[in-house]
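# Descriptive structure summary
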Amino acid sequence: MRVAFVGKGGSGKSSIAGTVARLLARAGERVLALDVDTLPGLSYSLGLGRVAEAGLPADLAERREKVGWVMRDPVSAEELVERHALRGPDGIRFLQLGKLPGHVKPGSSVAFRHVLDEFREPGWTLVGDFAAGTRQSSAGWSAFAQTIAVVVEPTRAALISARRLRSLAPETNMGLVVNKAAGRQALAPDRIAAELQLPLWAEVPYDEAVASADRKGVAPLDAAPSSAAVAAIVNLVARLREEASR
Ligand SMILES: Nc1ncnc2c1ncn2[C@@H]1O[C@H](COP(=O)(O)OP(=O)(O)OP(=O)(O)O)[C@@H](O)[C@H]1O
Ligand SMILES: [Mg+2]
């Protein structure tokens with residue numbers, strides 16, 4: 001399975017992606033979690049906490065006259081993951097693009113993209129957590145994914161960015177995760193799905209336990225394993241499995 005989580009800022013991409021990755025790893029899958037956001041947050045929801053270095057070394061790639069940026073030596077994505085991906089709870093492996101401003105060297109970025117585009121080791125699941133908005137998807141960073149989960153809050157404003165994301169990958173199997181669904185919500189999840197013409201893959205309730213875990217920098221799965229939000233994400237994992245086997 002190769003799944004990307006995209007959506008507007010603050011919609012819940014990292015909380016959900018981290019929990020999905022952990023649940024898959026717990027179920028026995030080999031999971032590579034990728035934080036593609038240059039304002040990284042996935043390490044917390046995975047339960048790794050603050051990580052100093054989870055990016056790829058900048059000297060893996062170089063800029064050549066007339067060619068542009070290329071990997072310095074031929075090295076497989078599998079090798080890079082083996083060498084550089086951190087190990088996390090439930091046996092998860094983790095890489096992050098790096099932190100802006102100023103800390104994502106072009107060489108690291110080229111090497112990270114190499115992993116996204118080339119890592120196809122059989123038996124592995126890839127879970128990518130993307131930067132807010134549409135920029136990375138329009139630059140092809142989500143092309144690795146067989147399935148894309150668009151995370152939206154149930155508001156009008158959220159629909160605008162979701163619509164744009166949808167138009168960027170018309171060939172990819174895409175579905176909707178309505179997050180922070182609450183009693184007083186502006187829009188009903190099925191109405192959002194109908195408006196966006198996307199299947200509703202999951203409805204995750206607003207859950208104070210998730211927000212509270214985030215404030216402590218702890219994974220939702222560790223802080224609140226029996227919360228309503230985690231239960232909904234368990235259902236999302238089942239749905240993602242179905243989608244991946246289609
Ligand atoms: N279901 C939920 N219930 C309550 N709070 C939630 C829920 N999902 C996410 N949150 C909270 O919303 C905030 C944003 O969540 P998160 O960081 O996962 O979003 P994001 O889409 O990754 O944001 P960014 O675009 O900044 O990367 C966090 O404080 C998080 O704890
Ligand atoms: Mg995030």
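Residues numbered from 1 in each chain as written. Chains lettered and ligands numbered in written order. Predicted model: local features only at pLDDT ≥ 70, side-chain atom pairs only at ≥ 80, totals over all residues. Heavy atoms only, no water.

Here we come to the environment of P199. On the secondary structure map, P199 appears in the loop between α7 (189–196) and β10 (200–205). P199 gets classed as partly exposed once you look at its relative accessible area, which sits at 34%. Counting along the chain gives 22 residues from P199 to V177, while the straight-line C-alpha distance between them is 9.0 Å. Ignoring anything within four residues of it in the chain, the contact list for P199 reads M174, G175, L176 and R239. (Helix = DSSP H or I, 4+ residues; strand = E, 2+ residues; numbered from the N terminus. Buried < 20%, exposed > 50% of the residue type's maximum accessible area, 1.4 Å probe, protein only. Contact = heavy atoms within 4.5 Å.)

The next subject is the environment of V31. In this structure, V31 sits in strand β2 (residues 30–35). Separated by 94 residues in sequence, V31 and T125 have C-alpha atoms that sit 4.8 Å apart. Beyond its immediate sequence surroundings of up to four residues, V31 is in contact with A21, L24, A25, I92, R93, W124, T125 and V127.

Turning our attention to the site of ligand 1. The immediate surroundings of ligand 1 are formed by 19 residues, with K13, S14, S15, N179 and D207 found nearest. K180 is positioned with one of its side-chain polar atoms (N or O) 2.9 Å from an oxygen atom of ligand 1. The separation between an oxygen atom of ligand 1 and a polar side-chain atom of D214 is 2.9 Å. Within the residue set of the shell around ligand 1, elements represented by two or more residues are α1 (13–26), β9 (173–181), β10 and α8 (208–216). When its residues are assigned to classes, the shell around ligand 1 shows six nonpolar, seven polar and six charged. (Near = heavy atom within 4 Å. Polar contact = N/O pair within 3.5 Å; in protein donor to acceptor, adjacent residues only side chain to side chain. Nonpolar A, V, L, I, M, F, W, Y, C, P; charged D, E, K, R; others polar.)

L32, F112, V115, V150 and L176 are the most contacted members of the largest nonpolar core, which totals 45 residues. Residues contacting V115, with those up to four places away along its chain left out, are L32, L56, A77, L80, V81 and L95. Listed in part, the 34 residues of the second largest apolar core include L23, A25, V51 and I92. (Core = buried A, V, L, I, M, F, W, Y, C linked by side-chain atoms within 4.5 Å.)

With that settled, consider the packing of helix α6 (residues 156–168) against α7. Put simply, α6 and α7 touch, their axes get as near as 10 Å, and they point 40 degrees apart. With respect to their mutual orientation, α6 and α7 come out oblique. Both α6 and α7 take part in a crossing whose hand is right-handed. From α6, R156, L159, A162, R163 and R166 reach across to α7, where they touch R191, I192, E195 and L196. Counted by class, the contact of α6 with α7 contains four nonpolar, no polar and five charged residues. (Axes fitted to C-alpha atoms, helices over the stretch in contact; angles between N-to-C directions. Parallel < 35°, antiparallel > 145°, perpendicular 65-115°, else oblique. Left-handed = near helix turned anticlockwise from the far one by under 90°.)

Looking now at the packing of aromatic side chains. Tallying each qualifying case throughout the model produces three aromatic pairs. When the ring of F119 is compared with that of W124, the centres are 5.4 Å apart and the planes differ by 85 degrees; the resulting orientation is edge-to-face. The interplanar angle of 10 degrees and the centroid separation of 6.2 Å between the aromatic rings of F130 and F144 together place this pair among those described as stacked. Remark: F144 occurs in the loop between α5 (135–138) and β8 (147–152) and F130 occurs in the loop between β7 (124–129) and α5; sequence separation between them is 14 residues. There is no split in this pair, since F130 and F144 are both buried. (Phe/Tyr/Trp six-rings, centres within 6.5 Å; stacked < 30°, edge-to-face > 60°.)

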